[in-house]
Amino acid sequence: MLNQLSNSIYYLSNLNEKERPTLGLVCGEKYSLVIDAGNSVQHAKEFLQEIEALNVPPVKYLVITHAHWDHFLGMNEYGATIIVNSLTNQMLNEWRGYSFDDASLKKYVDSNKIAPLCMEIIKNEITNRNSFKLTSADIIFEKSLTIDLGGKVCVLEKIKSTHTDDSTIIYIPDEKVVFLGDSAYGTTTNSLFHYKQSLLLPMIEDIQKYDADHFLLGHESICDKDEMDLYWKELISASTATESTSLEMALKCFERENNRSANDNERFFIKAFVNDQIINS
Ligand SMILES: [Zn+2]
């Protein structure tokens, strides 16, 4: 079932047990635009079926928020003009050379090019995968791009992000909605989960310059402004307290600065910033 956020915005909720991210749909008077393609042919087909039932203008554009497999593997299904930033395009180019038969998939997993879970989903949810090739993008932008769907403007911007270097967000000014993709999350490097500390404040600045009431996140569906503000606040106080690779010192510093001990979220974030210090040390 699609969720309707406003007259012109819908989304399909994330499904964590299937590693499916949130997918978005913005409808203008002339065209519709899809945000993220889904993690498989099957995921994309299910989304397209829901869209067909809505009787909205045709899907002309598909924006991929970043080059993580769960966001783009369904991209062939839409017959749409595919839009990515130039860094996402570079990363997708590597995937365009991939084959999806059993032997190739095993080779990519063994060389850490793709995750075992990704292989499983490809095997289960991409039919005809022996001949499957990822299609190419059609519009490649550097910093930002504005699209008018007919009385409905979407602003795409490549922002700084704690998750990946190629994060695109989509802002719909009329509706005060931002699709963040995974940009506000951390990432895993050498089995360590971390938030890129040096990019936290620049990222928040990039996102907060848009006047928004609702935020769609890749693996959380929707947050309102208060939830988002609390998320930023906890991240910032956790980051401020973390100045070295010592978790103990960071937790003490947090207590000193806030006159209380860190809550569960803040502890989780502090651990992630300590990991970031370890990775960069
Ligand atoms: Zn991601």
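This is a predicted model, so every value here is computed, not measured. Counting restarts for each chain, with residues numbered from 1 along the sequence as it is written. The predicted origin of the model limits local features to residues at a pLDDT of at least 70 and limits the giving and counting of side-chain atom pairs to 80 or more, whereas totals for whole chains, interfaces and linings rest on all residues.

## Description of the pairing of strand S11 (residues 177-181)
With C-beta atoms placed from the backbone, the exposure class of a residue follows from how many other C-beta atoms lie within 10 Å of its own: 20 or more, buried; 12 or fewer, exposed; in between, partly exposed. Numbering of helices and strands runs from the N terminus; a helix is a DSSP stretch of H or I covering at least four residues, while a strand is a stretch of E covering at least two. In terms of residue burial, S11 counts as a mostly covered element, since 5 of its 5 residues are buried. By the alternation rule, side chains of S11 split into Val177, Phe179 and Gly181 and Val178 and Leu180, which are all buried. Strand pairing is defined by DSSP finding a minimum of two bridges between the two strands. Strand direction decides the pairing type here: strand S10 (residues 168-172) and S11, joined by 3 bridges, are antiparallel. The residue of S11 that forms the bridge with isoleucine 170 is phenylalanine 179. In textbook terms, the turn of a hairpin is the stretch between consecutive antiparallel strands, and for S10 and S11 this stretch comprises 4 residues, one of which, lysine 176, has a positive phi near 50°.

## Comments concerning the sheet that holds strand S3 (residues 23-27)
A sheet is described by the order of its strands in space; here 7 strands give the open sequence S1-S2-S3-S4-S5-S6-S7, paired in mixed fashion. Sheet topology places strand S1 (3-4) and strand S7 (139-141) at the edges, where each strand pairs with a single neighbour. Sheet analysis places strand S2 (residues 9-12) next to S3, joined by 4 bridges and oriented antiparallel. Looking at the pairing, tyrosine 10 lines up with leucine 25 of S3. Along the sheet, helix H3 (residues 86-96) contacts strand S6 (81-85) and S7; its crossing angle with S6, the most-contacted strand, is approximately 110°. For every residue pair, C-beta atoms are placed from the backbone, and the pair is scored as a contact if these atoms sit within 7 Å. Interaxial angles span 0 to 180 degrees and are taken between N-to-C directions of axes, which are lines fitted to C-alpha atoms, for helices over the stretch in contact.

## Structural notes on the UniProt feature "domain: Metallo-beta-lactamase" (unreviewed entry) in the protein chain
UniProt positions are given in the numbering used here, feature names are shortened, and annotations may be inferred rather than shown by experiment. Sites flagged by UniProt as "domain: Metallo-beta-lactamase" (unreviewed entry) map to residues 20-219. Helix makes up 29% of residues 20-219 and strand 26%. Its end C-alpha atoms lie 8 Å apart.

## Here's the deal with unusual backbone geometry
Despite not being glycine, asparagine 112 shows a phi value in the positive range, around 60°. Structurally, asparagine 112 can be placed in the loop between helix H4 (102-110) and helix H5 (116-125). Although it is not a glycine, serine 221 sits at a positive phi angle of roughly 65°. For serine 221, the position within the fold is in strand S15 (residues 221-224).

## As for the domain arrangement of the protein chain
An automatic or database domain assignment provides the domain bounds reported here. The domain boundaries assigned to the protein chain delineate domain 1 (3-97 + 134-225) and domain 2 (239-280). Inter-centroid distance (C-alpha atoms) of domain 1 to domain 2 is 31 Å. Taken together, the contacts link 9 residues of domain 1 with 8 residues of domain 2. In terms of residue count, strand S13 (residues 192-194) provides more of the side of domain 1 that touches domain 2 than any other element does, 3 residues in total. Classification convention: Asp, Glu, Lys, Arg as charged; Ala, Val, Leu, Ile, Met, Phe, Trp, Tyr, Cys, Pro as nonpolar; all other residues, Gly among them, as polar. Classifying every residue of the side of domain 1 that touches domain 2 by side-chain character gives 4 nonpolar, 4 polar and 1 charged.

## Comments concerning the packing of helix H7 (residues 225-241) against helix H8 (residues 247-258)
Their axes nearest at 8 Å, the elements H7 and H8 cross at an angle of 115°. Seen along the crossing, H7 lies across H8 with a hand that is right-handed. Touching Ser237, Thr240 and Ala241 of H7 are Ala250, Cys253, Phe254, Glu257 and Asn258, all from H8. Residue classes in the contact of H7 with H8 are distributed as 4 nonpolar, 3 polar and 1 charged. Crossings are classed by handedness, with left-handed meaning an anticlockwise turn of the near helix from the far one by less than a right angle and right-handed meaning a clockwise turn.

## Comments concerning the pairing of S6
In terms of burial, S6 is largely enclosed, as 4 of its 5 residues are buried. Direction of pairing for strand S5 (residues 59-63) relative to S6: parallel, over a ladder of 3 bridges. Residue pairing in the sheet places tyrosine 61 in a bridge with threonine 81 of S6. In terms of strand pairing, S6 meets S7 through 3 bridges, oriented parallel. Among the inter-strand pairings, asparagine 85 is bridged to a residue of S7, identified as phenylalanine 141.

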